[in-house]
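# Coordinates in review
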Amino acid sequence: MARASTAPPVEPSLALPRAHWKHFAREHWDQGPTVFRGLFPRHFPSPSEIFEALVDVGERYRRGEVMLPVRFYVEHEATADTPPEVFGVVALSRYLPTAEDGSVDGYARRMERQLQGRRFGLVLSNTQSHHWSHWLQMRSFLSGFHDALGVPLGGADSALFLGNYRHTPFGIHKDDLHVFYFVIQGQRRMSFWPLDALTSRPEVAPHADAGLKDRPHGVVLRDAEDARRLMAQASVLEAEAGDFMYWPASYWHRSEPSEGLTIAASLGVNYRAPMFLERAPMQPWPERLHARELPRRGGWALPAPVHAALGRQGRGKGLRSARNTLTEGWVRLLTNGALDGPPPEARGLTPLRAEDWVRASPSRPIVTVPLSDGQVVVAANGNSRTMRASPSVRRRIQALMEALNSGRPQHIAMLEEDFFRRLPPRAFPRAGVRTLLDELAKWRAVWRHPVEHRR
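The following paragraphs examine the structure supplied in this document. (Residues numbered from 1 in each chain as written. Predicted model: local features only at pLDDT ≥ 70, side-chain atom pairs only at ≥ 80, totals over all residues. Heavy atoms only, no water.)

## A word on the nonpolar core
Quick reminder of the rule: Remark: nonpolar core denotes a set of buried residues (Ala, Val, Leu, Ile, Met, Phe, Trp, Tyr, Cys) joined through side-chain atoms within 4.5 Å. For every residue, the accessible area obtained with a 1.4 Å probe (protein chains only) is divided by the maximum for its type, and the residue is called buried under 20%, exposed over 50%, and partly exposed between those limits. Secondary structure elements follow DSSP: runs of H or I no shorter than four residues count as helices, runs of E no shorter than two count as strands, and numbering proceeds from the N terminus. Contact between two residues is taken to exist if any of their heavy atoms lie within 4.5 Å; hydrogens are not considered.
Membership of the largest hydrophobic core comes to 52 residues, with the highest contact counts inside it found for Phe72, Phe141, Phe145, Phe180 and Phe182. The dominant element in this core, judged by the number of residues it contributes, is helix α4 (residues 132–149), at 8 residues. Beyond its immediate stretch of four places on either side in the chain, Phe182 contacts Leu14, Phe40, Phe44, Met138, Phe141, Asp243, Phe244, Ile263, Ala264, Ala265 and Leu267. Core analysis: the second largest hydrophobic core is formed by 28 residues, Met401, Leu404, Ile412 and Ala445 among them.

Here is the structure:
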């Protein structure tokens, strides 16, 4: 006979012990730059994973997705009197990795030939949306942070920095984010200045009293002497592959020269209302939630602060539609672990068949949230689908998701049999369950489960 195998797929994890995050919250959070060395014996992002993510970016760009958040920089030659300058390359298709490069080192060699030895830098935002393992790594890393410091709802974005550039291509700057900076290949030296150290500069002073701590800003180096004076005030941290740094939003920073190719990924977080609320009516939206308010095994509903804020939107027909849209935005954000972008969709999947078995991860449950006007949203891993369904069908959808969220392998034919038992023929399309499961597989919320054969 055949039965479903119970071995789950191995997933990379950068989760750190609770004791680490308690110490971090007490000693380091919002205090100053620091470096943590070698805390991950395995699963740290690898150059090969980064290469796969960048090949995905290159392929999508060449297919016409020209609005991807990727930038490419080339250094001008420095002179004795001026620091290096940078400029952005517009024609990106020639400068993004291809599968034929073979690796990040192969890509760097092609860039060295193509740029005739000039240094370069490639910056990609939302790296977690271009590689499944990277999404898992960043989400698992944040899980302990959420337990210790709450869930920052301004989003969390993994930005990739790759190149042999001397300095950060956009110079000395500060972000509106608290930054975790993972060194993946090579070494990285970073210079830091506390907020007040540079607020008297002409380009900074006009903004110093306007909440500068929580706003991005940059410094313009006037000449080589100005650069030397600033460097005399800087503190410097060094990190190697496998280490990560942390610095608060209040610190100015810049990377410094290092040998060879360096790859790093920064994970920035902040406590403010989510970006998708920028066009929503002004009101006190939640900026932080408890970790227990994220979707977890055992059933989930919208957190009370979110539900209360949505309830203040009003009751008219147009307002109900807007509230449904905002609700779906909240559900996508929270099922994504408050990361800015979902993982890349699974490719090359064949449609599920009645004889297939599927399985979901109970640690990342698929959620169903009722909306007004007889609608329900089904969401997982930052993706969602809204359907109109009767109360009876909504209960069956909920039961279907509960079966998947158990973490036990489920047989497609049995799921369909349970769903349609004593359901009127026109209540829900016969192919609807299979279509929904195929969509969940595309979102990486369920996967085909192998079957073990026993005599």
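## Regarding the sheet that holds strand β19 (residues 375–380)
The condition that has to hold: Here, any two strands with at least 2 DSSP bridges between them count as paired. To obtain an axis, a line is fitted to C-alpha atoms, over the contacting stretch when the element is a helix, and the angle between two such axes runs from 0 to 180 degrees between their N-to-C directions.
Spatial ordering of the open sheet is given by β18-β19-β20, a layout of 3 strands whose pairing is antiparallel. Two strands lie at the open edges of the sheet, namely β18 (367–370) and β20 (383–388), each paired on one side alone. Neighbour-to-neighbour, the strand axes of this sheet turn through a mean angle of 20°, independent of strand direction. Strands in contact with helix α8 (residues 391–405) are β18, β19 and β20; relative to β19, the strand with the most contacts, it is inclined by about 15°. Where helix α10 (residues 432–442) meets the sheet, it contacts β19 and β20, and its direction lies at approximately 165° from that of β20.

## Points about the pattern of salt bridges
The condition that has to hold: A pairing counts as a salt bridge when a side-chain nitrogen of Lys or Arg comes within 4 Å of a carboxyl oxygen of Asp or Glu.
Summed over the entire model, instances satisfying the criterion amount to 28 salt bridges. Here Arg37 ties to Asp243 by a salt bridge, and the two come within 3.4 Å at their closest N and O atoms. One end of the pair, Arg37, is in the loop between β2 (34–36) and α2 (47–62); the other, Asp243, is in the loop between β12 (235–240) and β13 (244–247), with 206 residues separating them in the sequence. Taking the shortest distance from any N to any O, the salt bridge between Arg434 and Glu416 comes out at 2.8 Å.

## Details of the sheet that holds strand β22 (residues 446–448)
Taken together, the 3 strands give an open sheet; going across it, the order is β21-β17-β22, and neighbouring strands pair in antiparallel fashion. Each end of this open sheet is capped by a strand with a single partner; those strands are β21 (410–411) and β22. Note that strand β17 (residues 357–360) and β22 share 3 bridges and pair antiparallel. Note that in β22 the partner of Arg359 across the bridge is Trp447.

## Brief notes about the layout of surface pockets
As a reminder of what qualifies: Residues are said to line a cavity or pocket when one of their atoms sits within 4 Å of a point; the points come from a 1 Å grid over protein atoms alone, cavities being sets where a 1.4 Å probe fits but cannot get out and pockets being open sets with protein on both sides within 12 Å along at least five of seven lines. Grid points are joined across faces, edges and corners, and a volume is the space filled by probe spheres set on the points. Classification convention: Asp, Glu, Lys, Arg as charged; Ala, Val, Leu, Ile, Met, Phe, Trp, Tyr, Cys, Pro as nonpolar; all other residues, Gly among them, as polar.
When its volume is computed, the largest pocket comes out at roughly 850 Å³. Lining the largest pocket are 41 residues, with Ser125, Asp157, Ala159, Leu177 and Asp340 positioned closest to its centre. Those elements giving two or more residues to the lining of the largest pocket turn out to be β7 (156–163), β9 (178–185), β14 (252–256), β15 (262–269) and α7 (317–335). Ranked by residue count, the leading element in the lining of the largest pocket is β7, at 4 residues. When grouped by side-chain class, the residues that make up the lining of the largest pocket number 19 nonpolar, 15 polar and 7 charged.

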